[in-house]
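Working through the structure, step by step
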Amino acid sequence: MRIAVTGSIATDHLMTFPGKFADQLIPDQLHRVSLSFLVDELEIRRGGIAANICFGMGCLGQRPILVGAVGDDFGDYRSWLERHGVDSSGVYVSDVHHTARFLCTTDEDHNQIASFYAGAMSEARNIDLAALGDLDLVVVSPNDPEAMLRHTDECRTRGIPFAADPSQQLARMEGEDVRRLIDGAAYLFTNEYEKALAEQKTGWSDGEILGRVGVRVTTLGPKGVVIDRVGEEGLHVPAAPEEGKVDPTGVGDAFRAGFLSATSWGLSLERAAQVGNLIAAHALESAGCQEYTLAGGRFIERLTHAYGDEAAADVAPHLT
């Protein structure tokens, strides 16, 4: 399958606060917060949702097409992604803006406070998917809102199946635009909070949204994932056991990488969720969104432990 992943491409500046944000917040003063957190660590990592998804897919032997906008400072990052199996031919280079920046501080309870500078991402609306040739699936992940709408509309016009992954952009988009992003999607990815927010923003009920998409995938953090389809009982897939918790940034992106790779192999939705959950565990165990490695034998060993011999037997032939 030729899968194009549209969305943000960014550099992540990840910091660690040796305390709890909650201890610094005064409930009756939240309307005038002025806080500075002295952090112990700073890691500068490659990130951006589309790039993170593509990295994970590349590690699984896929050749995803990354689609997004960057600055002329993208050269080293491009080389890194291409070494990991990512096709960067769909990347648009801005003449005036830097590549986007994500700045995130994580406390000892893994709560996060983050800011995002869009930079070149604001020019992603200039990208025409038609230039990429024939596509089997387009993932519309968080990006410049106008770009997200353009890519979604283009998929509908050209009859290309698309996966809606609005994520944090739900908070800033109006209901009409959220409806445009969701309606007709082959897949809809959200977490539990985003699922409720999508219902509030669109004015559609849980059942109405489900009736407008092919497959709805709701991630539940440590509780795993639920997959829903019209007329079928919801499928709950528990999370894969992790070997430690280092950094939650990019865990959802890793899940999507595994899920999309497994569906492109022709595996069932249950298997896709299992692969996604295990990639997510790898991401959680690493500092940074693209720092994990997938060793074939060890990956299958962990998959067997988490989901059984049959799951491992279905997945193993597809790993390279």
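Anything mentioned here points back to the structure above.
Description of the structure in this document. Just so it is clear, the model here is predicted, and its values are computed rather than measured.

1. Some details on helix α8 (residues 269-284)
- Between its first and last C-alpha, α8 extends 22 Å over 16 residues, near the 22 Å set by a 1.5 Å rise per residue.
- The buried fraction of α8 amounts to 15 of the 16 residues, a majority that puts the element mostly inside the structure.

2. Some thoughts on the pattern of salt bridges
- Enumeration according to the criterion identifies 23 salt bridges in this entry.
- A salt bridge links E154 to R158; its shortest N-O distance comes to 3.6 Å. In this pair, E154 and R158 are both assigned in helix α3 (residues 145-158), four residues apart and thus about one turn of the helix distant.
- Judged by its relative accessible area of 34%, R158 falls in the partly exposed class.
- Ionic contacts of the salt-bridge type, sharing partners, join the residues K195, E199, D206, R216 and D228 into one network.

3. A few points about the pairing of strand β11 (residues 215-219)
- Within β11, five of the five residues are buried, leaving the element largely enclosed by the surrounding structure.
- Side chains V215, V217 and T219 project from β11 onto one buried face, and the interleaved R216 and T218 project onto a second face that is buried too.
- Both strand β10 (residues 187-191) and β11 contribute to a ladder of five bridges, which runs parallel. Of the residues in β11, the one forming a bridge with T190 is T218.
- When β11 meets strand β12 (residues 225-228), the two strands line up antiparallel, connected through four bridges. When the sheet's bridge partners are listed, V217 is paired in β12 with I227.

4. Considering the state of the cysteines
- Tallied over the entire structure, the rule returns zero disulfides.
- In this structure C54 is not part of a disulfide, and its nearest cysteine sulfur, from C59, lies 11 Å away.
- Here C54 falls in the buried class, since its relative accessible area comes to 0%.
- As a non-bridged cysteine, C104 has C289 as the owner of its nearest cysteine sulfur, 9.0 Å distant.

5. Here's the deal with helix α7 (residues 251-264)
- The terminal C-alpha atoms of α7 lie 20 Å apart, and with 14 residues this matches the ideal 20 Å at 1.5 Å per residue to within 8%.
- When we look at burial in α7, the residues that qualify are D253, A254, F255, R256, A257, G258, F259, L260, S261, A262, T263 and S264.
- Two residues or fewer past α7, G266 is found with a positive phi of approximately 85°.

6. Concerning the sheet that holds strand β2 (residues 10-16)
- Across the sheet, four strands lie side by side as β3-β2-β6-β7; this open sheet has mixed pairing. Because the sheet does not close on itself, it has two edges, and the strands there are β3 (41-47) and β7 (112-117). Averaged over all pairs of adjacent strands, the angle between strand axes in this sheet comes to 15°, irrespective of strand direction.
- Bridge analysis of β2 against β3 gives seven bridges, and the strand direction is antiparallel. Bridge pairing in β3 links T16 to E41.

Calculation criteria
Residues numbered from 1 in each chain as written. Predicted model: local features only at pLDDT ≥ 70, side-chain atom pairs only at ≥ 80, totals over all residues. Heavy atoms only, no water. Helix = DSSP H or I, 4+ residues; strand = E, 2+ residues; numbered from the N terminus. Expected span 1.5 Å × (residues − 1). Buried < 20%, exposed > 50% of the residue type's maximum accessible area, 1.4 Å probe, protein only. Salt bridge = Lys/Arg side-chain N within 4 Å of Asp/Glu carboxyl O. Pairing = 2+ DSSP bridges. Disulfide = S-S within 2.5 Å. Axes fitted to C-alpha atoms, helices over the stretch in contact; angles between N-to-C directions.

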